[in-house]
Amino acid sequence: MTYSYRMSESFQLPLFPLTTVLLPGMNLPLHIFEARYRQLIGDLLKLPEADRKFGVVAIKAGWEVGSDNLPVLHQVGTIAKVRRIKHLPDGKFDISTAGADRFEIKEVSSILAPYLVAKVELLDPVASAAGANLIAAAGEAYANYLKVIGESTVSVYAQLPSEAPALANLLIATLTGNTLEQQRLLEMNSAEEKLKKLITIFNRESILLQTVPSIPAPYLTGVSLSLN
């Protein structure tokens, strides 16, 4: 099976449902062991490297691994570009991917291949009016949150992107353990809207943690290894 990738119209995209959210620009390593996804990687290997892509979409309800029942999926996901494929001796794969464009699912088929294939359309980001003050405020809210949970903030500002879309995606990726909130932010088109929401989230969490101290979720700026 081959797939076309056109920016201006709907196209077919193989899906890889996960219990995590992939953000544009973020890295996602995967260990591929299930037969249907080994088939997916085999199909992608037949394509030119530039076309080796699939859609990562978060599961809303149900469980995908080892299940004959189709999970309920969120409608918005992120295209994963395959950067590296390592074929293991036992027929499994370790792959490295990076999040690219967001897409919206229009239809899903379970009969075109052993894995799910969706008809999708790319989502163009709305032009953002996010200015320097908003970008700085988001960085400050994040740095304050890190201070509350005991993380060093010495190099935070030096590492944060200066452009609103990249900053928003990076900060969303740090919200580990809250897939639903990450998904809602992924679905927002405007970087300005995302940054305003992120400021609210980090301020809220900082206040809550100072009022009722607890062990926070691990601080991560990337995505850890996920099993299919």
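Relevant structure appears above.
Residues numbered from 1 in each chain as written. Predicted model: local features only at pLDDT ≥ 70, side-chain atom pairs only at ≥ 80, totals over all residues. Heavy atoms only, no water.

For the rest of this paragraph, the subject is the overall build of the protein. Helices and strands together make up the secondary structure of the protein, namely 6 helices and 8 strands. Reading the protein from its N end, one meets helices and strands in the order β-β-α-β-β-β-β-β-α-α-α-α-α-β. Looking at the protein residue by residue over its 228 residues, the buried ones come to 46%. Across the protein, every contact between residues at least 6 apart in sequence was considered, and the portion connecting residues at least 24 apart equals 68%. (Helix = DSSP H or I, 4+ residues; strand = E, 2+ residues; numbered from the N terminus. Buried < 20%, exposed > 50% of the residue type's maximum accessible area, 1.4 Å probe, protein only. Contact = heavy atoms within 4.5 Å.)

All right, on to helix 2 (residues 132-148) then. Here helix 2 contains 17 residues, and its C-alpha end-to-end distance of 24 Å stays within 8% of the 24 Å for a straight helix at 1.5 Å per residue. If you check which residues of helix 2 are buried, you get Leu-134, Ile-135, Ala-138, Gly-139, Ala-141, Tyr-142, Ala-143, Tyr-145 and Leu-146. (Expected span 1.5 Å × (residues − 1).)

Here the focus is the nonpolar core. As a rule of thumb, nonpolar side chains are buried together in soluble globular proteins. Counting residues in hydrophobic clusters, the biggest one holds 53 residues, and the most contacted among them are Phe-54, Leu-195 and Leu-198. With residues up to four places along the chain from it excluded, the contact list for Leu-198 reads Ala-168, Leu-171, Ile-172, Leu-175 and Leu-185. With 14 residues, the next largest nonpolar core counts Phe-11, Ile-59, Ala-100 and Ala-118 among its residues. (Core = buried A, V, L, I, M, F, W, Y, C linked by side-chain atoms within 4.5 Å.)

So, on to the packing of aromatic side chains. According to the stated counting rule, one finds 4 aromatic pairs in the structure shown. A centroid spacing of 4.4 Å and a plane angle of 25° characterise the contact between Phe-16 and Tyr-37, whose relative ring orientation is stacked. Placement of the pair is Phe-16 in strand 1 (residues 11-18) and Tyr-37 in helix 1 (residues 35-45), with a sequence separation of 21 residues. Considering the side-chain rings of Tyr-145 and Phe-202, the 5.4 Å spacing of their centres and the 40° angle between planes classify their relative orientation as tilted. Remark: Phe-202 occurs in helix 6 (residues 191-211) and Tyr-145 occurs in helix 2; sequence separation between them is 57 residues. For Tyr-145, a relative accessible area of 13% puts it in the buried group. (Phe/Tyr/Trp six-rings, centres within 6.5 Å; stacked < 30°, edge-to-face > 60°.)

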